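# Topology and contacts: notes
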Amino acid sequence: MESEIRQPWTQDQLNMLNVRMAQKQLKILVVGCGIGGLAAAYALGRAGHSITVIESSTSIGEIGAGIQIGPNLSRILIRWGLEQRLKSVSERDKPTWFTFHRYDTGEVIGMSRLEGKLDRDHGAPWHVVHRADLYEMLLSKASPYMNLRMNSRVTSLNFDDTSRPSLTLQTGEVISADLIVGADGINSVVRSHVTGQTKIPLSVPTGDLAYRVVLPTRTFTDDPQLRFLVEEPRIRCWIGPGRHIVGYCIRNRTEYNMVLVKPGDGHSYSWTAEGDLKEMRDGFNEWDPCVQKLLSKADSVLESRLLICKPLETWIHGSGRVVLLGDSCHPMLPYRAQGSAMAIEDAAVLGNLFSRISDITQITPLLDAYESLRHSRVTATQEASARNRTVYHLPDGLEQIQRDAAMKIAMEEEISNHERFKDGYSPSISDQNDNPNAWSDKSKNKEQFDYDPDNAVEEWWALNRDRFRLPEKIRYRL
């Protein structure tokens, strides 16, 4: 047993982790070719496993919308060799500030510095990109390692052979594997076999409906009401009673991405459903004139119902050969911008763990390790997202006044610190713990953005590696 945990790991050591090949090659089926599925295919495939990705759609790709890439996610993407690709699609969009606005007047009530400050505090930058661009990055990394089966809808899983589970496609074809990874999203078929429930378990509707809108910015520079949105790229969040809006530039300021949340029923938990433009606009008809102008330019919108999903008891089927990943086991509300990050962190941990497998009997213990390393992390992130919803949606009144006052105190310190740093002075060290602006709360940011999946696995392995030492005669056969 190691006497101490080596931490932090140097970049050279972490780079070595990226090329570790498993002594035992597994046949692995990944169900779902979304962001989480591609990340899993890459992370497991580069460890030497044989990967087949099963996708129900006839084509692959992501819908048009933006995504925030915080330091915990950009750290992984950079380690996976995607730094230059990331810069090429988003360098001019890098947000300088995260800015909160009062819903009706647009008054700035909170600010948190992003560019420069996050690099210093957390060792990785903040980017905003188009989801399709992130998808293409991951597809380019995963493609050399995977066999992709399109138009292949999984109808059932079978566990008659407990050592080798199988799945059945709509054609009747049966495919077996050593391990099945369910990365098939919030309406996961694989999850129904893990939990024994066909519906999304332990879920509570928020009563919220979310919209996604992407606008071309070519007319913004000639409009004095909108010009400021592209002159300095910021993430802007308008917050008000029961609803909020987040907006930012993507694709090097050629498009403006908006996510709008308001009370509503909706028709689907999928982001592919067309929304009602009039219904969306009516939901924000007394908001900031800038918002009104933006929404008047929209010619299409996508919508999705939002759920609060409580943690599943387990992500692993009783056979120990099927596991869940991403939205299939921990759907995220959008209020902390961590949904894709959590899925890719899952994949990074799973890939690192299974780069160490040397015998088929180690599959279940490694899945147990994956769940133990990830369950509390994603649960805390789900809770943080739910807290932000409460903060953003306060009705006008005493609590709202207190929230705004606290945000303004943190904003003044953020601005002062930014000026001090530019002038060569050290910033102040106030933590702003429990500030309603979570992006100014240093302890919350440290918890969310300092996380490193490879470090997490290395710490676990240092304490548990002796459990995975094989008897001499088995090591000799390998």
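Quick caveat, the model's predicted, so the values are computed rather than measured.

Parameters and conventions
- Residues numbered from 1 in each chain as written.
- Predicted model: local features only at pLDDT ≥ 70, side-chain atom pairs only at ≥ 80, totals over all residues.
- Heavy atoms only, no water.
- Helix = DSSP H or I, 4+ residues; strand = E, 2+ residues; numbered from the N terminus.
- Rg over C-alpha atoms; globule rule 2.2 N^0.38 Å.
- Buried < 20%, exposed > 50% of the residue type's maximum accessible area, 1.4 Å probe, protein only.
- Contact = heavy atoms within 4.5 Å.
- Pairing = 2+ DSSP bridges.
- Polar contact = N/O pair within 3.5 Å; in protein donor to acceptor, adjacent residues only side chain to side chain.
- Arc of directions from axis to C-beta.
- Axes fitted to C-alpha atoms, helices over the stretch in contact; angles between N-to-C directions.
- UniProt positions renumbered as here; feature names shortened; annotations may be inferred.
- Phe/Tyr/Trp six-rings, centres within 6.5 Å; stacked < 30°, edge-to-face > 60°.
- Salt bridge = Lys/Arg side-chain N within 4 Å of Asp/Glu carboxyl O.
- Parallel < 35°, antiparallel > 145°, perpendicular 65-115°, else oblique.
- Left-handed = near helix turned anticlockwise from the far one by under 90°.
- Nonpolar A, V, L, I, M, F, W, Y, C, P; charged D, E, K, R; others polar.

Along its length, the protein carries 16 helices and 18 strands. The C-alpha radius of gyration computed for the protein amounts to 23 Å, which stays within 12% of the reference 23 Å derived for 478 residues, consistent with globular compactness. Overall size of the protein, expressed as C-alpha extent along the three principal axes, is 75 × 55 × 40 Å. A total of 478 residues make up the protein; the buried ones form 56% of that total. Counted over contacts in the protein with a minimum sequence separation of 6, partners at least 24 positions apart contribute 75%.

This part is about the pairing of strand β17 (residues 302-309). Across the eight residues that make up β17, a large majority, six, are buried. Taken together, the two bridges between strand β16 (residues 273-274) and β17 define a ladder with antiparallel strand orientation. Bridged to Glu274 within β17 is Leu302.

Turning to the environment of Ser88, a few remarks are in order. Positionally, Ser88 belongs in helix α4 (residues 83-90). At 2.8 Å, the side chain of Ser88 forms a polar contact with the backbone oxygen of Arg85.

The next thing to look at is helix α14 (residues 442-449). Residues Asn445, Gln448 and Phe449 constitute the buried set of α14. Taken down its axis, α14 places every buried residue within 75° of arc, on the same side. Pointing more than 90 degrees away from the buried face of α14 are the exposed residues Lys446 and Glu447. Summarising the contacts, the buried residues of α14 are in contact with α3 (71-79), α5 (117-122), α11 (339-354) and α12 (363-392).

On the basis of which strands lie adjacent, the open sheet formed by five strands has the order β7-β2-β1-β11-β18 and parallel pairing. Edge positions in the sheet fall to β7 (146-149) and β18 (322-324), since each of these pairs with one other strand and no more. Each strand axis lies, on average, 20° off the axis of its neighbour in the sheet, ignoring direction. Across four bridges, strand β1 (residues 27-31) lies against strand β11 (residues 179-182) in parallel orientation. If you follow Val31 over to β11, its bridge partner there is Gly182. The sheet strands contacting α12 are β11 and β18, and the helix crosses β18 at an angle near 15°.

What follows covers the UniProt feature "transmembrane region" (unreviewed entry) in the protein. With numbering aligned to this structure, UniProt lists the feature "transmembrane region" (unreviewed entry) at residues 26-45. When the span residues 26-45 is considered, its composition is 55% helix and 25% strand, and the gap between its end C-alpha atoms is 10 Å.

Under the criterion given, the structure shown has 13 aromatic pairs. Between Phe98 and Phe100 the ring centres are 5.1 Å apart and the planes differ by 35°, which places this aromatic pair in the tilted class. The class for Phe98 is buried, based on a relative accessible area of 2%. Residue classification places Phe100 among the buried positions, given a relative accessible area of 0%. Among the aromatic residues, ring-to-ring pairing joins Phe98, Phe100, Tyr392 and Trp439 into one connected group.

Here the focus is the sheet that holds strand β8 (residues 154-158). The strand order across the open sheet formed by three strands is β8-β9-β10, and the pairing between neighbours is antiparallel. Lying at the two open borders of the sheet, with one neighbouring strand each, are β8 and β10 (174-176). Mean inter-strand twist for the sheet, computed between neighbouring axes without regard to direction, equals 25°. Both strand β9 (residues 166-169) and β10 contribute to a ladder of three bridges, which runs antiparallel. Bridging across to β10, Leu167 finds its partner in Ile175.

Applying the stated rule across the entire model yields 25 salt bridges. Between Lys293 and Asp223 there is a salt bridge; the shortest N-O distance is 2.9 Å. You can see Lys293 sitting in helix α10 (residues 289-296) and its partner Asp223 sitting in the loop between β12 (203-216) and α8 (228-231), a full 70 residues away along the chain. Notably, a salt bridge pairs Lys446 with Asp450, separated by 3.2 Å at the nearest N-O pair. Residue Lys446 is classed as exposed on the basis of its relative accessible area of 52%.

Turning next to the packing of α4 against helix α6 (residues 131-142). Direction vectors running N to C along α4 and α6 enclose 160°, while the axes themselves pass 11 Å from each other. Relative to α6, the element α4 is oriented roughly antiparallel. For the crossing formed where α4 meets α6, the hand is right-handed. In contact with Arg85, Leu86 and Val89 of α4, α6 contributes Asp133, Glu136, Met137 and Ser140. Along the lines of polarity and charge, the residues of the contact of α4 with α6 split into three nonpolar, one polar and three charged.

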